[in-house]
Amino acid sequence: MIDIFFMLTVALLFGGMTLYSFGFAAFLFSALPANAAGPLLRKAFPHFYAFVIVTSLLAAGLAGPERVQSASLMLLIALTTVITRQVLTPAINRATDTQAKTLFKVLHTVSVLLTLAHIGISGFVLVQGL
């Protein structure tokens, strides 16, 4: 039974990150002007990151001792998301607020690449059934 909850939790993580990244964020910028979509997305990101942290930690806990690789990968997602939420996102917000466009582009690219890596890692764990 734990196996089922583990796989469902990883599936929730994968699906939630994918929907947020490719659905919600894209929708906001297509439905609202950029000057409204940006601030709304900024308010949503802490909640998104909290979801990723809690879900990946739950998956790590459900992985059990027989899935050390999966637990490690889920913990990696949680740890890097904490860093993203607490360090990278505030730096991105400061760059936006001070109109440091080059710095914003670099930091935002790092954030996007981390999220894509998280989606890829969770997809790998899900497909492998590790």
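Note that the structure is a prediction, hence the values are computed from the model and not measured.

## Overview of the overall build of the chain
Moving on, step 1. A tally of helices and strands in the chain yields four helices and zero strands.
Moving on, step 2. Ordered by position in the sequence, the α and β elements of the chain form the string α-α-α-α.
Moving on, step 3. Its C-alpha atoms give the chain principal-axis dimensions of roughly 50 × 25 × 20 Å.
Moving on, step 4. Evaluated residue by residue, the chain yields a buried proportion of 35% over its 130 residues.
Moving on, step 5. Across the chain, contacts joining residues at least 24 apart in sequence account for 72% of those joining residues at least 6 apart.
Moving on, step 6. Within the structure as shown, the chain displays about 7,400 Å² of accessible surface, and the carbon and sulfur contribution to it stands at 74%.

## Looking at the environment of Leu28
Moving on, step 1. Position of Leu28 relative to the elements: it lies in helix H1 (residues 2–31).
Moving on, step 2. Residues Leu28 and Gln86 lie 58 residues apart in sequence; the distance between their C-alpha atoms is 23 Å.

## Overview of helix H2 (residues 34–63)
Moving on, step 1. Along its 30 residues, H2 runs 41 Å from first to last C-alpha, staying within 8% of the 44 Å computed at 1.5 Å per residue.
Moving on, step 2. In the structure, H2 departs most strongly from a straight axis at Ala44, where the bend amounts to approximately 30° and where the proline Pro46 lies between one and four residues downstream.
Moving on, step 3. Phi for Gly64, located one or two positions after H2, is positive at around 75°.

## A word on the side chain of Thr89
Moving on, step 1. Position of Thr89 among the secondary structure elements: in helix H3 (residues 68–97).
Moving on, step 2. A residue is classified by how much of its surface remains accessible, and Thr89, at 13% relative accessible area, is buried.
Moving on, step 3. In this structure Thr89 touches Tyr49 and Thr84, once residues within four positions along its chain are discounted.

## Some details on unusual backbone geometry
Moving on, step 1. Despite not being glycine, Gln99 shows a phi value in the positive range, around 60°.
Moving on, step 2. Secondary-structure assignment places Gln99 in the loop between H3 and helix H4 (101–128).
Moving on, step 3. Classification of Gln99 as exposed rests on a relative accessible area of 63%.

## Looking at the pattern of salt bridges
Side chains that differ in charge, positive against negative, can pair when their charged atoms come close.
Moving on, step 1. What the rule picks out here adds up to three salt bridges.
Moving on, step 2. Residue Arg67 pairs with Asp3 through a salt bridge whose shortest N-O separation is 2.7 Å. Here Arg67, found in the loop between H2 and H3, pairs with Asp3, found in helix H1; they are 64 residues apart in sequence, far enough to count as distant.
Moving on, step 3. For Asp3, a relative accessible area of 40% puts it in the partly exposed group.
Moving on, step 4. Between Arg42 and Asp97 there is a salt bridge; the shortest N-O distance is 2.9 Å. Taken together, the residues Arg42 in helix H2 and Asp97 in helix H3 connect sequence positions 55 residues apart.
Moving on, step 5. A relative accessible area of 31% means that Arg42 is categorised as partly exposed.
Moving on, step 6. One continuous salt-bridge network, built from bridges that share partners, spans Asp3, Glu66 and Arg67.

## Thoughts on the packing of aromatic side chains
Moving on, step 1. Taken as a whole and judged by the stated rule, the model has six aromatic pairs.
Moving on, step 2. Judged by centre distance (5.3 Å) and plane angle (70°), the ring pair of Tyr20 and Phe45 falls under edge-to-face. Separated by 25 residues along the polypeptide, Tyr20 in helix H1 and Phe45 in helix H2 bring together distant segments of the chain.
Moving on, step 3. Taken together, a centroid distance of 6.2 Å and an interplanar angle of 80° make the contact between Phe45 and Phe48 edge-to-face. With a gap of three residues between them, Phe45 and Phe48 both fall in helix H2, about one helical turn apart.
Moving on, step 4. A relative accessible area of 23% places Phe45 in the partly exposed class.
Moving on, step 5. Of the residues examined, Phe48 reaches a relative accessible area of 6% and is grouped as buried.
Moving on, step 6. Three or more aromatic residues joined by ring pairs form one cluster here, namely Tyr20, Phe24, Phe45, Phe48 and Tyr49.

Procedures and definitions
- Residues numbered from 1 in each chain as written.
- Predicted model: local features only at pLDDT ≥ 70, side-chain atom pairs only at ≥ 80, totals over all residues.
- Heavy atoms only, no water.
- Helix = DSSP H or I, 4+ residues; strand = E, 2+ residues; numbered from the N terminus.
- Buried < 20%, exposed > 50% of the residue type's maximum accessible area, 1.4 Å probe, protein only.
- Contact = heavy atoms within 4.5 Å.
- Areas by Shrake-Rupley, 256 points an atom, 1.4 Å probe, with all protein chains shown as cover.
- Expected span 1.5 Å × (residues − 1).
- Bend = angle between axes of the 7 residues up to and from the residue.
- Salt bridge = Lys/Arg side-chain N within 4 Å of Asp/Glu carboxyl O.
- Phe/Tyr/Trp six-rings, centres within 6.5 Å; stacked < 30°, edge-to-face > 60°.

Just geometry here; none of it tells us what the structure is for.
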